[in-house]
Amino acid sequence: MTEPLCFAGDILSATVSLEADRWFIALQVDTGEPEPPRRPGPTVGIDMGIQVLATLWDGDERTKILNPRPLQEALAELRRIDQAISRSLKVPGKHRTSHRREALYARRRRQHARVSHLRNDHHHRTTTAIAKRGDTVKVESLHIAGMQRNRRLGRAFGDAGLGEFVRQLGVQVRLVRHRVPAH
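About the cut-offs
- Residues numbered from 1 in each chain as written.
- Predicted model: local features only at pLDDT ≥ 70, side-chain atom pairs only at ≥ 80, totals over all residues.
- Heavy atoms only, no water.
- Axes fitted to C-alpha atoms, helices over the stretch in contact; angles between N-to-C directions.
- Helix = DSSP H or I, 4+ residues; strand = E, 2+ residues; numbered from the N terminus.
- Parallel < 35°, antiparallel > 145°, perpendicular 65-115°, else oblique.
- Left-handed = near helix turned anticlockwise from the far one by under 90°.
- Contact = heavy atoms within 4.5 Å.
- Nonpolar A, V, L, I, M, F, W, Y, C, P; charged D, E, K, R; others polar.
- Buried < 20%, exposed > 50% of the residue type's maximum accessible area, 1.4 Å probe, protein only.
- Pairing = 2+ DSSP bridges.
- Patch = residues over 30% accessible without salt bridge, like charges linked within 9 Å, V, L, I, M, F, W, Y side chains within 5 Å.
- Areas by Shrake-Rupley, 256 points an atom, 1.4 Å probe, with all protein chains shown as cover.
- Salt bridge = Lys/Arg side-chain N within 4 Å of Asp/Glu carboxyl O.

J.: Before we move on, can you summarise the packing of helix H1 (residues 70-89) against helix H2 (residues 99-133) with the specific residues and values?
T.: Viewed as axis vectors pointing N to C, H1 and H2 meet at an angle of 170 degrees, and their least axial separation amounts to 10 Å. Relative to H2, H1 is oriented roughly antiparallel. For H1 against H2, the interelement crossing comes out left-handed. Contacts from Pro-70, Leu-71, Ala-74, Glu-77, Leu-78, Ile-81, Asp-82, Ala-84, Ile-85, Ser-88 and Leu-89 in H1 reach Arg-100, Arg-101, Leu-104, Tyr-105, Arg-107, Arg-108, Gln-111, His-112, Val-115, Leu-118 and Arg-119 in H2. Across the contact of H1 with H2, the residue classes break down as 12 nonpolar, three polar and seven charged.

What follows is the structure, given as structure tokens:
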């Protein structure tokens, strides 16, 4: 590893992964610090959606968090890459590999990874802010898998990443010592 660890402690585990031709390592470190005490605050209710990713209500004010739609922004570029891949396959000897086609596949993997990283970054920042805001967080219960089967709205639901948002919110709430009711 080329950079030093930014905290002291015992390394419990390390996970190495390859994503879009880049290597990543995730370290789990036991720092020995005690768990933080539970913070007092209001109960925050969350209504999930597509246009507005989450509408927060804590009794005093309503806050809207817009969906950044990273897939929608990258769709034109992904279509151009897919068209180039399709054209490269329509030549004689298409079953043979080519360096140009492999470069196109790598470009597509990088674009999908970029979309995923943008979505995850937005979810992480948003859920951290929500977890620090209230004592109890209540989330609207949704059948996300069923909504993604909708022909017209399936891509928009996938682009919003509602399931990952709810999962990440649960993690963040537990990190700041709040409780999450069943949703």
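J.: Describe the pairing of strand S4 (residues 52-57), and please don't skip the residues or the numbers.
T.: Of all six residues in S4, five are buried, a share of seventy percent or more. Inspection of the sheet shows strand S3 (residues 43-48) paired to S4 by four bridges, in the antiparallel sense. The residue of S4 that forms the bridge with Met-48 is Ala-54. Where S3 hands over to S4, the hairpin turn is made up of three residues, counted between the paired strands. Pairing of S4 with strand S5 (residues 62-66) involves five bridges; the strand directions are antiparallel. Residue pairing for S5: Thr-55 is matched across the bridge by Lys-64. Taken together, S4 and the strand that follows it, S5, pair antiparallel across an intervening segment of four residues, in which Gly-59 is found at a positive phi of about 100 degrees.

J.: Just give me the short version of the sheet that holds S4, but keep the residues and values in it.
T.: Taken in spatial order, the four strands line up as S5-S4-S3-S6 in an open sheet, and their pairing is mixed. Looking at which strands have only one partner, the edges of the open sheet turn out to be S5 and strand S6 (136-139). Across the sheet, the mean angle separating the axes of adjacent strands is 20 degrees when strand polarity is ignored. For S3 and S6, the ladder comprises four bridges, and the chain directions are parallel. What sits directly across from Thr-43, in S6, is Thr-136. Packing of H2 onto the sheet brings it into contact with S3, S4, S5 and S6, and relative to S5 it is tilted by some 165 degrees.

J.: Any details on a nonpolar patch on the surface? Residues and values, ideally.
T.: A cluster of nonpolar residues, Val-16, Leu-18, Trp-23 and Ile-25, forms a patch on the protein surface that exposes about 470 Å² of accessible area. Looking at the nonpolar patch, the elements that each hand over two or more residues are strand S1 (10-19) and strand S2 (22-30). Note that Trp-23 resides in strand S2.

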